[in-house]
Amino acid sequence: MRQAGDLAGARRRPFHLGEWLVEPTLDRISRDGHHVRLRPRAMDVLICLALESGKLASKQNIIDAVWRTEFVSDHALTQVVAELRSALGDDARNPTYIENIPRRGYRLVATVTPVAASVPSARDASLPFKLQSEDGDHPLMQGPNIIGRTGDADISIDRTEVSRCHARILVQGTTATIEDLGSKNGTFLNGERLEGPALLANGDEIWIGRSVARLRFLVEGEPTQTEHTVS
């Protein structure tokens, strides 16, 4: 079982759990176009179980990794597991996802398959898209690129005004689309608050919150459009 410090690196990688797609950075599971949002703690417990991939994960090890120095009882873990079972549509008496090993812990019954195993070079493919900020350039990779407050976000902004998973830029081939992920302070594109996904163009200005952080979307090899003037 990996301890708390190891979860940060492991939790950003999506994986399949049986028929479900698990996206840790979004705290979301999906199946057949149906999305279920998990609480961060529930996602952390699911990741602990996935890291063991079918082996027993003891109650104490899960608690140590997820709750860290916070003292909790076994009941707190039991409640989170029940929450996960509900989200996955699992039956505790005849489990197809999470099996209870009495007085010892839990293990995943369904197969865990990293998404990278199905698409080996998807996230490694270099694309000519990047975000430019005061801290430098942030290359964008194929697939989802998460902007948020957590250290495991693809573009991390350590400000209290930034939501844990604030926005997402989805790169698909030669296009990039940005969407807000239900953040409290909003995501703005060229001065307009996003109400849904929007296609990005070279030179577009992205604001995380009204004035928390400003990013510019750039496409290598293309001339930058005239800067947008925002009052």
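Placed above this text is the structure.
Thresholds applied
- Residues numbered from 1 in each chain as written.
- Predicted model: local features only at pLDDT ≥ 70, side-chain atom pairs only at ≥ 80, totals over all residues.
- Heavy atoms only, no water.
- Axes fitted to C-alpha atoms, helices over the stretch in contact; angles between N-to-C directions.
- Helix = DSSP H or I, 4+ residues; strand = E, 2+ residues; numbered from the N terminus.
- Parallel < 35°, antiparallel > 145°, perpendicular 65-115°, else oblique.
- Left-handed = near helix turned anticlockwise from the far one by under 90°.
- Contact = heavy atoms within 4.5 Å.
- Nonpolar A, V, L, I, M, F, W, Y, C, P; charged D, E, K, R; others polar.
- Salt bridge = Lys/Arg side-chain N within 4 Å of Asp/Glu carboxyl O.
- Buried < 20%, exposed > 50% of the residue type's maximum accessible area, 1.4 Å probe, protein only.
- Expected span 1.5 Å × (residues − 1).
- Pairing = 2+ DSSP bridges.

**Let's talk about the packing of helix 2 (residues 40-52) against helix 3 (residues 59-66)**
Packed helices, taken two at a time, are described by the angle between their axes plus the distance between the axes.
Then, in step 1: Following both chains from N to C, one finds helix 2 and helix 3 inclined at 130°, their axes separated by 10 Å at the closest point. Accordingly, the angle class assigned to the pair helix 2 and helix 3 is oblique. Seen along the crossing, helix 2 lies across helix 3 with a hand that is right-handed. Between helix 2, through Arg 41, Asp 44, Val 45, Cys 48 and Leu 49, and helix 3, the contact on the second element is made entirely by Ile 62, Ala 65 and Val 66.
Then, in step 2: Considered class by class, the residues forming the contact of helix 2 with helix 3 number 6 nonpolar, no polar and 2 charged.

**Details of the pattern of salt bridges**
Then, in step 1: Applying the stated criterion to the full structure yields 9 salt bridges.
Then, in step 2: Note that Glu 83 is salt-bridged to Arg 39, the shortest N-O span being 2.9 Å. Of this pair, Glu 83 sits in helix 4 (residues 74-88) while Arg 39 is found in the loop between strand 4 (34-37) and helix 2, placing the two residues 44 residues apart along the sequence.
Then, in step 3: On the accessibility criterion, Arg 39 (41% relative accessible area) is partly exposed.
Then, in step 4: Close ionic contact of Arg 168 with Glu 179 constitutes a salt bridge, the shortest N to O distance being 2.3 Å. Placement of Arg 168 in strand 13 (residues 167-172) and of Glu 179 in strand 14 (residues 175-180) is noted, with a sequence separation of 11 residues between them.

**Concerning helix 4**
Then, in step 1: Between its first and last C-alpha, helix 4 extends 21 Å over 15 residues, near the 21 Å set by a 1.5 Å rise per residue.
Then, in step 2: For helix 4, the full list of buried residues reads Ala 76, Leu 77, Val 80, Val 81, Leu 84, Arg 85, Ala 87 and Leu 88.
Then, in step 3: Immediately downstream of helix 4, the backbone of Gly 89 shows phi near 70°, a positive value.

**Points about the pairing of strand 9 (residues 129-133)**
Sheet faces and side chains relate simply in a regular strand, where the side chains alternate between the two faces.
Then, in step 1: Across the 5 residues of strand 9, 4 count as buried, placing the element largely inside the fold.
Then, in step 2: Both strand 9 and strand 19 (residues 213-219) contribute to a ladder of 4 bridges, which runs antiparallel. Residue pairing in the sheet places Phe 129 in a bridge with Val 219 of strand 19.
Then, in step 3: Looking at chain direction, strand 9 and strand 10 (residues 136-139) are connected through 4 bridges and run antiparallel.

**A short note on the packing of helix 2 against helix 4**
Then, in step 1: Direction vectors running N to C along helix 2 and helix 4 enclose 90°, while the axes themselves pass 10 Å from each other. By the criterion of interaxial angle, the relationship of helix 2 to helix 4 is roughly perpendicular. Contacts between helix 2 and helix 4 involve Arg 41, Ala 42, Val 45 and Leu 46 from the former and Leu 77, Val 80, Glu 83 and Leu 84 from the latter.
Then, in step 2: Each residue belonging to the contact of helix 2 with helix 4 can be placed in one class, and the counts come to 6 nonpolar, no polar and 2 charged.

**Looking at the pairing of strand 14**
Then, in step 1: Of the strand pairs in this sheet, strand 13 and strand 14 are connected by 6 bridges, and their pairing is antiparallel. Of the residues in strand 14, the one forming a bridge with Val 171 is Ala 176.
Then, in step 2: As consecutive antiparallel partners, strand 13 and strand 14 are separated by 2 residues, and within that stretch Gly 173 has a phi angle of approximately 65°, a positive value.
Then, in step 3: Bridging between strand 14 and strand 17 (residues 198-199) involves 2 bridges; their strand directions are antiparallel. Within strand 17, the residue paired with Ile 178 across the bridge is Ala 198.

**Let's talk about the environment of Gly 209**
Then, in step 1: Within the secondary structure layout, Gly 209 lies in the loop between strand 18 (205-208) and strand 19.
Then, in step 2: For Gly 209, a relative accessible area of 0% corresponds to the buried category.
Then, in step 3: Linking Gly 209 and Thr 187, residues 22 residues apart in sequence, is a C-alpha distance of 5.5 Å.
Then, in step 4: Setting aside chain neighbours within four positions, we find Gly 209 in contact with His 166, Asn 185, Gly 186 and Phe 188.

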